[in-house]
Amino acid sequence: MSAATTNRRARALWAAAAIGAVGVAATYVLDGAPRFWANWLVWFVILACVALGTLFLVALQHITGSLWSVPLRRVPERIAALTPWLVPIAAVALFSLPAVFSWTQPGADKITPLVLKSAWLNYPFFILRLAACLAIWVLSYRLLITRSLRQDETKDPKVTVSIRRFAPAFMILLALTITVFAFDWVSSLEAAWYSDMFGVYLFAGAVTSAVAATTLGVIYLHRRGRLPGVTDDHLYNLGGLMFGFTIFWGYIAFSQYLLQWYANLPEEVFWFQQRTSGKMEGVFILLMAGHFFVPFLGLMTRSDKKNWRRLRGIAIWVLLMEFVDVFWLISPIQGRGLHLSWPEAAFALFFLSAGLLVILRAMNRGEDMPVGDPFLADGLKFHLR
Amino acid sequence: MRKPAYGVLALFPSADALLKAIPKVKAKGYAKLEAYTPYPVHGLDAALGLPESKLGILVFLMAAFGAVGVFAFEWWANAVNYPLLTDGKNAFSWPAWIPPTLEGSIFLGTFTAALAMLFVFNELPFFGHPLLKSPAIDEITRDRFGLLIVPSGASFDEADAAAALRAAGGAAVETLPAPSDEKPDAAWWTRTALAIAAACAVAGGATAFAIRVFPTVKPMVNMEVQPRLDAQEPDPFFANGRGMRLPPEGTVPRGELPILVANLDAGGRVLIDPLPVTARVLERGRRQFDLHCAVCHDRLGTGRARLSSVYSAKPADLQSSTMRRMADGALYWVISRGYNTMPAYAADVSPDDRWAIVRYIRALQRSQDAPERDLK
């Protein structure tokens, strides 16, 4: 691709981000703080999910020693470039604490569940946990990915070995931090509610959307001839992962819903009631049908998973559903009704174009494949049959 | 006439050698090939030119049928045929039916996969397969990869086929004779029957263990053991050691007015219906009657509900003249204290509900024996 096209695309994204930024600022002025913060948190969570999901994918491929994924690994590594940007987004998000989190509101010290959780939900500890999570993520990004990028020049196979040693430790750290993140930044908005599988729920959506983003990146590069040697068989595995994590998400989402629906305890079930009644019922049904059934049926057969057009369509759809999912989780804190209008569009425009700028910049730097990885040749030889 | 041979078989030392040999043999004009391998080999279907298996479609259809079938059955059983209202939920409580729906689709899907694979696509049982008579089967189930040329066309020559296989790198070439039409002998049937019996015995033993022994093992007790007193539990805190407390002398708990009369006749004389005469009371009585009474006494009170056919005691016919003559207070006394095999309902049905039931029984009696003026 010529530099001119890249620049034109980057300029268009900059312009879109600028328009979005105006809309974001206007939201705060015209629609008030709660609307602003709900949207800010939605995009904080989505971008964190995609970034952590891609880190997970990279670590997973190192742990399993997969050969098929080596030629594609640069794509999730580049999308993970979002990770350091989580720091400023989170820093701004800290100002939402007094505005929209139920445990910071006046009178929270009189609500029993919140009092019981006050040892966990207080400003110093909350901020400490956020700082720890961000530190772990950025450090893991450097250990997992920056070293891999540098390997392109050094061609040092020892780097692969040492990344593979770190990957299992990262899995444990990710399990802990993503659970803390899910509890702190999504559950604790309605701090009286609890679901101990909520971290897994967010994780399942994060990995599904990370696989979708990776698939889109692979298709984007492949169409421009930048991934020579990558075949249907490589793509098939991405389709398989997307299919598998779709089922995993459906299983976790339904398990969480079923248990609380069955027990029908007031302190748990109110959370689902807010999200399944009134105008949110439509979003709930869209989520069930769109996040599970569409990719489940759309990726079922072997030829579906090798169909580039099909996979691109489903991947875009899955990312849209990740937005619907996080919107469904966070938006109801603003009260009853469907809060979907121009502010949501402005936030989407701003964060999508800014995120794409980060990814595009990463896409145009360095090699398109990990040329220093000793397993690259084997990975290119991968065939299903 | 001599039956045509089943085919010409050769063994290859590796999956790669087999995959390389197939195009060579095909190039010689042998289109119908069959391969025998100790494990599934990637790429074999494509090399042999086999079409994509229909098994996937069959499994999908059966799994979908299992899901829809179980969901429909749950709906019919729980929402249509015998609506069960529990926990304030609708009869159409679909989330509760999703786990069995999932199980149903997995059950039918996996069974279809295994059984259709064995009996439809692999055409088992096939007792006279010539390969089973050949020493090659020992090697094929261990570490050799067999390729069979199946005769097709009139000009098939075994020697030519053998030469083609040898040229492609095959060893131990042999001609497999036509399949024999042998049937299993008595010993085979005995072995099979014994194996099935042994499997049943193991499954039965495992089930007995799971039902009788396993529940007595308690790996986790954190829901069962709680820092509270269960009914009838002793408590050393109180002087008499009883966890359950009696109300102080001479007091009556709210809403639990005791019935101080000893028998039904006295009840009929003393107990008086306190409820107003309204449609709401009758409606309340209907709900409570259908909930607690109809299961034995029938929804019309005839005493011939479906439970009575499997139950030795005969529930009272509330439409009988004895029952019609019985005083309201006496009916109330029976509901509260029980009668013969009928248990006491005082613990389950509140006093007002009991009176509402009495009122509804009267309405039922009148509905089945209406005086002429009611019909005008």
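None of these values were measured; they are calculated from a predicted model.

## Details of the overall build of chain B
For chain B, the count of helices and strands is 14 helices and four strands. Along the first, second and third principal axes, the C-alpha atoms of chain B reach 110 × 70 × 40 Å. For chain B, the proportion of its 376 residues judged to be buried stands at 18%. The long-range share in chain B, meaning contacts at least 24 apart out of those at least 6 apart in sequence, stands at 71%.

## A few points about the overall build of chain A
A count of helical and extended segments in chain A gives 16 helices and zero strands. Relative to its length of 385 residues, chain A is compact, with a C-alpha radius of gyration of 21 Å against a globular reference of 21 Å. In terms of overall dimensions, chain A has C-alpha extents of about 65 × 45 × 35 Å along its principal axes. Taking all 385 residues of chain A together, 42% fall into the buried category.

## Focus: the packing of helix α2 (residues 33-64) of chain A against helix α8 (residues 157-185) of chain A
All names here are of chain A. In the contact formed by α2 and α8, the axes pass within 9 Å of each other and the chain directions differ by 160 degrees. One element, α2, and the other, α8, form an angle in the roughly antiparallel class. The interaxial crossing formed by α2 with α8 has left-handed handedness. Touching Leu-41, Phe-44, Val-45, Ala-48, Leu-52, Leu-55, Phe-56, Ala-59, His-62 and Ile-63 of α2 are Ile-163, Arg-164, Ala-167, Pro-168, Phe-170, Met-171, Leu-174, Ile-178, Phe-181 and Trp-185, all from α8. Looking at the contact of α2 with α8 residue by residue, the class counts come to 18 nonpolar, one polar and one charged.

## A short note on the pairing of strand β1 (residues 7-12) of chain B
All names here are of chain B. Most of β1 sits out of view: six of its six residues are buried. Of the two faces of β1, the one holding Gly-7, Leu-9 and Leu-11 and the one holding Val-8, Ala-10 and Phe-12 are both buried throughout. Summarising the sheet, β1 and strand β4 (residues 171-176) pair through four bridges and their orientation is antiparallel. Looking across to β4, one finds that Gly-7 is bridged to Leu-176. Sheet analysis places β1 next to strand β3 (residues 145-149), joined by five bridges and oriented antiparallel. Within the sheet, the bridge partner assigned to Ala-10 lies in β3 and is Leu-147.

## Regarding the sheet that holds β1(B)
The strands making up a sheet associate through backbone hydrogen bonding, with each pair oriented either parallel or antiparallel. Residues and elements named next belong to chain B. Ordered in space as β2-β3-β1-β4, the four strands form an open sheet in which the pairing is antiparallel. Either end of the sheet is taken by a strand with one partner, and the two such strands are β2 (33-36) and β4. Each strand of the sheet is rotated relative to its neighbour by a mean of 20 degrees, with strand direction disregarded. Contacts between helix α1 (residues 15-27) and the sheet are confined to β1, β2 and β3, with β3 contributing the most and set at about 15 degrees to the helix.

## Points about the interface of chain A and chain B
Counting from both sides, the interface comprises nine residues of chain A and, opposite them, nine residues of chain B. A breakdown of the residues in the side of chain A that touches chain B according to their chemical character gives six nonpolar, two polar and one charged.

## A word on the domain arrangement of chain B
Along its sequence, chain B is organised into domain 1 (1-182) and domain 2 (264-375). The C-alpha centroid of domain 2 of chain B is placed 66 Å from the C-alpha centroid of domain 1 of chain B.

## Some details on unusual backbone geometry
The linkage connecting B:Leu124 with the following residue, B:Pro125, adopts the cis geometry, with an omega of 0 degrees. Within the element layout of this structure, B:Pro125 appears in the loop between α4 (98-121) and α5 (130-133). Positive phi is not limited to glycine here, since A:Asn264 has a value of about 55 degrees. Residue position: A:Asn264 is located in the loop between α10 (232-263) and α11 (266-276).

## Describing the nonpolar core
Counting 104 residues, the largest nonpolar core has A:Val45, A:Leu47, A:Leu52, A:Leu55, A:Met242 and A:Ile330 as the members making the most contacts within it. Among the elements that make up this core, the one with the highest residue count is α2(A) (21 residues). Discounting chain neighbours no more than four positions away, the residues touching A:Ile330 are A:Ala38, A:Leu41, A:Val42, A:Val45, A:Val186 and A:Leu189. With 23 residues, the next largest nonpolar core counts B:Val8, B:Leu19, B:Val25 and B:Leu148 among its residues.

## Focus on the packing of α10(A) against α11(A)
A pair of packed helices can be characterised by two numbers: the angle between their axes and the separation between those axes. All names here are of chain A. Put simply, α10 and α11 touch, their axes get as near as 9 Å, and they point 120 degrees apart. The angle between α10 and α11 falls in the class oblique. Helix-helix and strand crossings are classified by hand; for α10 and α11 the assignment is left-handed. Contacts from Tyr-257, Gln-260, Trp-261 and Ala-263 in α10 reach Glu-268, Val-269 and Phe-272 in α11. Classifying every residue of the contact of α10 with α11 by side-chain character gives five nonpolar, one polar and one charged.

## Focus: the environment of B:Met62
Residues and elements named next belong to chain B. Among the secondary structure elements, Met-62 is positioned in helix α3 (residues 55-81). Between the C-alpha atoms of Met-62 and Ala-113, which are 51 residues apart in sequence, the distance is 9.3 Å. Contact partners of Met-62, with chain neighbours within four places excluded, come to Leu-108, Gly-109 and Thr-112.

## Comments concerning the environment of B:Gly285
Residue and element names in this part refer to chain B. Tracing the sequence through the fold places Gly-285 in helix α10 (residues 279-297). With 25 C-beta atoms counted inside 10 Å, the residue Gly-285 sits in the buried group. In the structure, Gly-285 is positioned 245 residues away from Pro-40 in sequence and 69 Å away in space, judged by C-alpha atoms. Excluding residues within four positions of it along the chain, Gly-285 makes contact with Ala-356, Ile-357, Arg-359 and Tyr-360.

How each quantity is defined
- Residues numbered from 1 in each chain as written.
- Chains lettered and ligands numbered in written order.
- Predicted model: local features only at pLDDT ≥ 70, side-chain atom pairs only at ≥ 80, totals over all residues.
- Helix = DSSP H or I, 4+ residues; strand = E, 2+ residues; numbered from the N terminus.
- Buried ≥ 20, exposed ≤ 12 C-beta atoms within 10 Å, placed from the backbone.
- Contact = placed C-beta atoms within 7 Å.
- Rg over C-alpha atoms; globule rule 2.2 N^0.38 Å.
- Axes fitted to C-alpha atoms, helices over the stretch in contact; angles between N-to-C directions.
- Parallel < 35°, antiparallel > 145°, perpendicular 65-115°, else oblique.
- Left-handed = near helix turned anticlockwise from the far one by under 90°.
- Nonpolar A, V, L, I, M, F, W, Y, C, P; charged D, E, K, R; others polar.
- Pairing = 2+ DSSP bridges.
- Domains from an automatic or database assignment.
- Core = buried A, V, L, I, M, F, W, Y, C linked by C-beta atoms within 7 Å.

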